[in-house]
Amino acid sequence: MKILSALFLASTLLLVSCNSGGVGDISSSDQRAIDARAAGNAGCIFEDLQLCSQLVEQRVSVAQFFNRGVNTSLKERQKQVGKQSLTKSIVDAAATIRQCQKTDAATISLIQQMEIAGQDFSVQATSPVSSTSDCFLTRLEG
């Protein structure tokens with residue numbers, strides 16, 4: 001059942017990314033600019049509450065795409081597509097933040113390591129984790 005929900009989430013996010021201008025419709029320089037805006041908005045709460053809610057609800061499935069060494073029955077191609085789709089959705093959400101709101105609330109990591117613009121980030125949700133949690137990126141020092 002967990003795998004079905006993970007595949008559903010990945011396919012849903014992939015459709016969203018395709019409908020909002022697929023990867024083929026954007027130049028490399030434009031994508032780098034989007035990645036840079038997303039990285040610059042680290043710590044700012046996502047304004048896309050629906051994406052945050054999906055990440056929270058499917059956090060166990062989402063983690064399977066990013067955690068190395070996690071024993072899942074997902075094929076490598078499924079993990080790659082899910083990871084790319086989720087990364088694009090999260091980058092887009094972080095890049096489109098218009099007004100930076102930060103939080104000092106306790107957090108839990110939804111995705112422990114995601115690469116954006118050549119840097120490592122974590123996707124955090126405010127705790128206690130619920131459908132009303134806020135999500136944001138934090139830069140990982142390393």
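Residues numbered from 1 in each chain as written. Predicted model: local features only at pLDDT ≥ 70, side-chain atom pairs only at ≥ 80, totals over all residues. Heavy atoms only, no water.

### Things to note about helix α2 (residues 28-40)
- Helix length check: α2, at 13 residues, gives a terminal C-alpha distance of 18 Å against a target of 18 Å (1.5 Å per residue), a fit within 8%.
- Buried positions along α2 lie against α5 (76-95), β1 (107-116), β2 (119-126) and β3 (135-139). (Helix = DSSP H or I, 4+ residues; strand = E, 2+ residues; numbered from the N terminus. Expected span 1.5 Å × (residues − 1). Contact = heavy atoms within 4.5 Å.)

### Describing the confidence of the model for the protein chain
- Chain-level statistics for the protein chain give a pLDDT mean of 84 and a share of 78% at 70 or above.
- Below a pLDDT of 50 lies the segment residues 15-23, which in the model reaches five contacts outside its immediate sequence neighbourhood of four places, other chains included. (pLDDT = per-residue confidence, 0-100.)

### Regarding helix α3 (residues 49-57)
- By the burial criterion, the buried members of α3 are Leu51, Cys52, Ser53, Leu55 and Val56.
- Here α3 starts with a cap whose side-chain oxygen sits 3.2 Å from the backbone nitrogen of Gln50, and that cap is Asp48. (Buried < 20%, exposed > 50% of the residue type's maximum accessible area, 1.4 Å probe, protein only. Polar contact = N/O pair within 3.5 Å; in protein donor to acceptor, adjacent residues only side chain to side chain.)

### Re the sheet that holds β3
- In space, the three strands of this open sheet follow the order β1-β2-β3, with antiparallel pairing throughout. The open sheet has two edge strands, β1 and β3, and neither has a second partner. This sheet shows a mean twist of 30 degrees between the axes of neighbouring strands, independent of strand direction.
- Note that β1 and β2 share seven bridges and pair antiparallel. Each bridged residue has a counterpart across the sheet, and for Thr107 the counterpart in β2 is Thr126. (Pairing = 2+ DSSP bridges. Axes fitted to C-alpha atoms, helices over the stretch in contact; angles between N-to-C directions.)

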